[in-house]
Amino acid sequence: MQQIRNFTTIKTSSGGVWQGDNPLNYAFPLLIVQAILVLIVTRFLTFLLKPLRQPRVVAEIIGGVLLGPSALGRNKYLFDIVFPSWSTPILESVASLGLLFFLFLVGLELDLNSIRRTGKTAFGIALAGISLPFLFSIGVSFLLRKAVHGMDKVGYVQCIMFIGVSLSITAFPVLARILAELKLLTTHVGQTAMAAAAFNDVAAWILLALAVALAENGSNGDHSSSSALTSIWVLISGVAFIAFMLIFVRPVMTWVARQCSLGQDGADEAYVCLTLAGVMLSGLMTDLIGIHAIFGAFVFGLMIPKEGEFAGRLIKKIEDFVCGLLLPLYFASSGLKTDVGTIRGAEAWGLLALVITTACVGKIVGTFAVAMVCKIPVRESLALGVLMNTKGLVELIVLNIGKEKKVLNDEMFAILVLMALVTTFMTTPIVMAIYKPSTRIFRVETQSSTRKNSQHTTTILACVHNPDNVPSIFNLIESTTTLQKSSLKLYLMHLVQLTDRSSSIMMVQRTRKNGFPFVKQLISQTSRSSNDQIAAPFNVYGKIGNGHVKIRQSTSVSALSTMHEDICSFAESKCVDLIILPFHKQWNDGTEEVGNVGLRFVNQNVLATAPCSVALLVDRGFSCADQKVCILFFGGFDDRKALEMGGRMSEHPSISTTLIRFQHQHAIECKDTSKEGDDEVAMAEFRGKWNGSVEYIEKDMKNIREEMMNIGINFNLVIVGKGATVSELANPQAEHPELGHLGALLASSEFSITASVLIIQRHNPADNVETINCKKIMNV
């Protein structure tokens, strides 16, 4: 048995094993061991549940339960070593600090102005999704007070408030993650669900503050008039706190955000520290009032302006540490309080089934009914109901506070935790069964698009990851499109990586500004978001096109492993002629900057599965002003497409174009000689059409590497086909094999090449077979 220790004798750190100390008997080394164990277990479960498309919160809840008395706690000896009772306050204090800053992040990312503009439909769905489960919970609360041992000592009002809030809320961040995993985030269903969940989220925090205020004074069985008067004073103080934050704190934080957005780097650290101190001070104020400290942190986050760069900087600085390390500790501390063994007998398990059924029926039926009244189709209405039934972190916060205030005993706490776990786990498979994401992801766009492009209309899908990609891709499109001779239909897709971070809320706000018809009215003319920076030059280009340019903006929020599916599906649904992708590396003033390496695999997957031609741009500062462009022609399908792209550029008045044809048949391997006639025809047509505006040069294949170096230095842009296979340049260990032999050489960091490179892959299923055969020959 573990000995009961006096907390005043607990020391922070040990003297080490060489002095005979056991580090696990000291607070800090034990906390490190606990944190490592929590991270290993939760990450392992996240990996196991990934094929089921479950959000990380499910794995973290399960991990917390497994580390608690339900599993690890069965071995009393091991449990007392890793999680002794004297360490619980220390673990909970660190976890609560993480929870405090997480709720600050939630408030920081939640834009009340965006919620207010989401419309009557979302508000009606949110209202029904809260009120009906809350009404159902009143009846359930009376039954649970009688059936669960010890619950009759809790006041009716306190019991109803906590059970009602836990059954009626929707976990906003968890829902965003599920929608993104199912690729429903930018659909009508996803947008409506997120807007309704945002209303639900605000209502949940108001109800939670009310529940805590009541629990503070009613959990000890004191139901006198003085207790009621104290609760009223708590609520009045809470309203006064919010008024103080709006009147005094919000203008101060607006000034701080403005100062940081002006680029005063030296002051950033001081302002960030001031903000973090404000989070803790706000939490302390609400704790003094009698409302939980997390409410103060949440309100303080709401006070920070969402425009500008300050909010984004705060998120980047604290999000990974809080959500990656401290928040899982909170789930672990919740799991230590959850003992599934307290649910004994058929009656107890029947109560669990009743609670789950009540939560599901209340949410799904209420949401479904209002959605049908709003003339939303049956499948979409049912999917909305299931999505709104998502639980998660907010649920655990409510339950932990209820247990802390002694409103919920061990059995009731375990029942409600399992209810949250089951309802969240069931969301993804049920939605996938009743509402097929793959067939509906571009539903709104498909209805308004034609399946066949006009003969003189060029359709391009330009993909960008961040504003840095915009100038070069914009210049490329502008230089290859002659609006006097043809029209341009441009789809601009902002690729947003889906991560496990809490910033799914801000991610959703960005996707609301994606130009789809049902959210177009939400676009703010004064917003400085990354989407606005990306779209601005293209919108100006569309206005000066005199009706010849049609631009549609969209946002794809997806994991890197499936991002190519969004790109290719969209391209196929729009009958796109060309996909333009940015290379994952960029050069700034000659300095190589490596971006997200995972984007390289996105490009590789698009090249392998694209339903149309693909252009991969290696940007070293390409613009349309007085540029020298070189087209390299070795022959083959891809080179003929590169010839076509170069021909379009030759029409631009600020671009001088040079065509260099290399002729040495023995140096080109795997070349299909049956296509040589096509090469000659393409070359003759090109020279006949552009002979006056394009300089033509023929070169021998000798010293090909040296020739490439000279070309890379003397030109601003080099256009080359991906499939050109030159034996001298063949390198199985090339730095970037997805660019082809010539593209990989010109993009290599080993040489001081200054030219941007455009690698062209023309879509041709038969040519894919030829490429595979060529690779086999080379391997032999």
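Residues numbered from 1 in each chain as written. Predicted model: local features only at pLDDT ≥ 70, side-chain atom pairs only at ≥ 80, totals over all residues. Heavy atoms only, no water.

Digging into helix α7 (residues 156-168)
Test applied: In this text, helices come from DSSP runs of H or I with a minimum length of four residues, and strands from runs of E with a minimum of two, each type numbered from the N-terminal end. An expected span of 1.5 Å times one less than the residue number is assigned to each helix. Working definition: with a 1.4 Å probe on protein chains only, accessible area under 20% of the residue-type maximum means buried, over 50% means exposed, and in between means partly exposed.
Along its 13 residues, α7 runs 18 Å from first to last C-alpha, staying within 8% of the 18 Å computed at 1.5 Å per residue. Among the 13 residues in α7, 11 count as buried, and that is most of the element. Turning to α7, its buried residues are Gln158, Cys159, Ile160, Met161, Phe162, Ile163, Gly164, Val165, Ser166, Leu167 and Ser168.

Topic: the environment of Lys722
This is how the line gets drawn: Contact between two residues is taken to exist if any of their heavy atoms lie within 4.5 Å; hydrogens are not considered.
Note on placement: Lys722 falls in the loop between β11 (717-721) and α28 (740-746). When the C-alpha atoms of Lys722 and Ile760 are compared, they prove to be 5.6 Å apart, with 38 residues separating the residues in sequence. When residues no more than four places from it in sequence are discounted, the contact partners of Lys722 are Leu607, Asp638, Glu738, Leu739, Gly740, Ile759, Ile760 and Gln761.

A word on the pattern of salt bridges
Quick note on the threshold: The rule for a salt bridge is simple: a side-chain nitrogen of Lys or Arg has to be within 4 Å of a carboxyl oxygen of Asp or Glu.
Per the counting criterion, the structure on display carries 9 salt bridges. One salt bridge in this structure joins Glu404 and Lys405, with 3.8 Å as the shortest N-O distance. Residue Glu644 pairs with Lys641 through a salt bridge whose shortest N-O separation is 3.5 Å. Here the residue Glu644 and the residue Lys641 both occupy positions in helix α25 (residues 637-649), the gap between them amounting to 3 residues, near one helical turn. Taking relative accessible area as the criterion, Glu644 reaches 34% and is therefore assigned partly exposed. Among the residues examined, Lys641 registers a relative accessible area of 12% and is labelled buried. What you see here is one network of salt bridges that share partners, running through Lys641, Glu644 and Arg648.

A few points about the nonpolar core
What counts, and what does not: The set of buried Ala, Val, Leu, Ile, Met, Phe, Trp, Tyr and Cys residues whose side-chain atoms join them within 4.5 Å is what this entry labels a nonpolar core.
The biggest cluster of nonpolar side chains holds 149 residues, and the ones touching the most others in it are Phe104, Phe310, Ile397 and Leu416. Ranked by the residues each element gives to this core, the list is headed by helix α9 (residues 188-218), at 17 residues.

Re the packing of aromatic side chains
Applicable threshold: Only rings of Phe, Tyr and Trp enter the pairing, Trp through its six-membered ring, and a pair is recorded when the two centres are within 6.5 Å. The plane angle decides the type: under 30 degrees is stacked, over 60 is edge-to-face, the rest tilted.
Counted by the stated rule, this structure contains 8 aromatic pairs. On the numbers, 5.9 Å between centres and 40 degrees between planes, the contact of Phe79 with Phe83 is tilted. Like Phe83, Phe79 is buried. Centre to centre, the rings of Phe142 and Tyr156 are 4.9 Å apart; their planes meet at 40 degrees, and the pair counts as tilted. Linking Phe142 in helix α6 (residues 120-147) with Tyr156 in helix α7, this pair joins segments that are 14 residues apart in sequence. When its relative accessible area of 36% is taken as the criterion, Phe142 is described as partly exposed.

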